[in-house]
Amino acid sequence: MTTNNPDFTVSDMTSHRSYPLIATSIGHFLNDGMVFLVPVIIDLIAAAHGIDPALITASLVAFYVSTAISANLFGRTIDRRHLQSWGMIVGILILSSGLLLFSLALGNVFVSFFVVISSIVSGFGASFYHPTGTAILQSYYKGSRLGRYLGINGSAGSLGRALYPSLLVLVSILLLSNTSSAFFFGVVGIILAIVIYMFMREYVSRERNARNTLSARSQSSSNGVSNTSTLKTTIPLGIILLTIMSLVRNLAFFSIVSWIPEYFTFVRGLGTSLGLSTMMTLMFSGGILGQLLIGILVERYDKRMILVVTTVFSVLFMFLYLMTTGPISILTLVLFGFFNFSGFPIFMSMISDYVPRGSTTLSNGLVWNLGGTAGQAIGPLVIGVYITGRYSHLPVAFETMLVLGLLSVLIAFALPKPAKESKAPLFA
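Residues numbered from 1 in each chain as written. Predicted model: local features only at pLDDT ≥ 70, side-chain atom pairs only at ≥ 80, totals over all residues. Heavy atoms only, no water.

Attention now moves to the overall build of the protein. Helix and strand content of the protein: 16 helices and 0 strands. Across the 428 residues of the protein, 54% fall into the buried class. A separation of at least 24 residues holds for 86% of the contacts in the protein among residues at least 6 apart in sequence. Surface accessibility of the protein: about 17800 Å² in total, with carbon and sulfur atoms responsible for 67%. (Helix = DSSP H or I, 4+ residues; strand = E, 2+ residues; numbered from the N terminus. Buried < 20%, exposed > 50% of the residue type's maximum accessible area, 1.4 Å probe, protein only. Contact = heavy atoms within 4.5 Å. Areas by Shrake-Rupley, 256 points an atom, 1.4 Å probe, with all protein chains shown as cover.)

For T311, the position within the fold is in helix α11 (residues 303-323). In this structure T311 comes out as buried when scored by relative accessible area, which is 0%. In this structure the side chain of T311 is engaged in a polar contact, spanning 2.7 Å, whose partner is the backbone oxygen of L307. Residue contacts for T311: discarding those within four places in its chain leaves M245, R249, F253, G405, S408 and V409. (Polar contact = N/O pair within 3.5 Å; in protein donor to acceptor, adjacent residues only side chain to side chain.)

The next subject is the packing of aromatic side chains. Geometry of an aromatic ring pair is reported as the spacing of the ring centres plus the angle between the planes. One pass over the structure, following the stated rule, counts 24 aromatic pairs. Ring centres 5.8 Å apart and planes at 20° place the aromatic pair F313 and F317 in the stacked group. Of this pair, F313 and F317 are both found in helix α11, 4 residues apart, which corresponds to roughly one turn of the helix. Classification of F313 by relative accessible area gives partly exposed; the value is 32%. A ring pair is formed by F338 and F339, whose centres lie 4.9 Å apart and whose planes are at 70°; its orientation type is edge-to-face. The residue whose ring lies beneath R268 is Y321, and the NZ or CZ to ring-centre distance is 4.2 Å. (Phe/Tyr/Trp six-rings, centres within 6.5 Å; stacked < 30°, edge-to-face > 60°. Lys NZ or Arg CZ within 6 Å of the ring centre and 35° of its normal.)

This part takes up the packing of helix α9 (residues 237-267) against helix α15 (residues 394-407). Close contact between α9 and α15 brings their axes to 9 Å; oriented N to C, the two are set at 160°. Taken together, the axis directions place α9 and α15 in an arrangement best described as roughly antiparallel. Where α9 crosses over α15, the handedness of that crossing is left-handed. Along its contact with α9, which presents V248, L251, A252, F253, S255, I256, W259, I260, E262, Y263 and V267, the element α15 presents L394, P395, F398, M401, L402, L404 and G405. Looking at the contact of α9 with α15 residue by residue, the class counts come to 15 nonpolar, 2 polar and 1 charged. (Axes fitted to C-alpha atoms, helices over the stretch in contact; angles between N-to-C directions. Parallel < 35°, antiparallel > 145°, perpendicular 65-115°, else oblique. Left-handed = near helix turned anticlockwise from the far one by under 90°. Nonpolar A, V, L, I, M, F, W, Y, C, P; charged D, E, K, R; others polar.)

Turning our eyes to something else, we now look at the confidence of the model for the protein. For the protein, the mean per-residue pLDDT works out to 80, and 79% of the residues sit at or above 70. Under a pLDDT of 50 for its full length, residues 424-428 has, in the predicted model, 29 contacts with residues more than four places off or in other chains. (pLDDT = per-residue confidence, 0-100.)

The next thing to look at is the environment of I346. With respect to the element layout, I346 can be found in helix α13 (residues 343-354). In this structure I346 touches I294, V298, K303, I306, L307 and T310, once residues within four positions along its chain are discounted.

A few words on the pattern of salt bridges. Per the counting criterion, the structure on display carries 2 salt bridges. Of the charged contacts in the structure, one is a salt bridge between D32 and R161, with a shortest N-O distance of 3.1 Å. Of this pair, D32 sits in helix α1 (residues 19-35) while R161 is found in helix α7 (residues 146-175), placing the two residues 129 residues apart along the sequence. No difference in accessibility class separates D32 from R161, as the two residues are buried. Ionic pairing is found between D302 and R304, a salt bridge with its closest N-O pair at 2.9 Å. Residue class for R304 comes out buried when judged on its relative accessible area of 18%. (Salt bridge = Lys/Arg side-chain N within 4 Å of Asp/Glu carboxyl O.)

Okay, here's the thing in structure tokens:
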């Protein structure tokens, strides 16, 4: 769901140059904040209504599978018809609607039904932002400064990811209800989606012009003027191995990230208090600085070794977190977040190394959708089956997943040396 050859750029405009950056940054903050709020809300529902771990498993799997399927269903249409702005806005509206539905489950309204339906709706909406938001920035901000715009945008997403769990609990305290808090964030998402549209009105209009141009080209082609291109379907070995690496790595680490709210609540005894949200915020906050530093390192050193090192350190620090308590435990959790949530600049730059620039759509789809999202969908299911309905089994399940994460390093060692080097975006 990326656009490599847009028909319009910010250089064609004389006003509001910062509007796309502002709009997409708000979108990134909202999207990542709400996405990483979903496992926390599911945990709140589990604690409030005593739902079975099997239902949690089904909800988490439904969320990630819905994300993967919808991204593949609508990505081609969004690209072809220049609907990036609408795709971003509609995705946030749908994701916000998912939170509104979650509030029904929190309020004890057909809990089993709404927790699954809410997960599906939220996952559907969550699939749109990253491909559409990135495409908008690539379309409007070309040249040497694109990296800094991606960096600003990415930091907004990381900030939302880190703040939303704590904000959820704080708003719950103020409104005296988790149900009201989930509803509140759904409404905020809808309001800010409208704000995003106000910033993007000029660019929505230009996308409409691009669609008209595309329609004219199609008409011209049907009248005998054709413009053909050859689609290369040969997939390099490096991309195949990166896809496998992405799948295994995400399976291992996202299984832990998806279930860690339950671990905090039922194993560490944090309940659903402010302590739960604080620990979630601390874990996610590590990625804010981590993405920046890792993004710089991949420009200077062998990306394959950086992938190995970040994976090994992710395993190490999560293992140390499970084995320790107190301040040391908190530090290791933050360091886990630092290394684990810094994979995007590594994978993105390696994709560009293995395939020519401007022809990375297929490879991006393989590595991120088939590999990454599939791993995110399978991981929660594996944990759910492993613990056999008992939250007390989570520590052993996490340790097993860490072994799998360590084994994924073997795939990284098998990656071929790229024929060329490229600079990496600093943030995801």
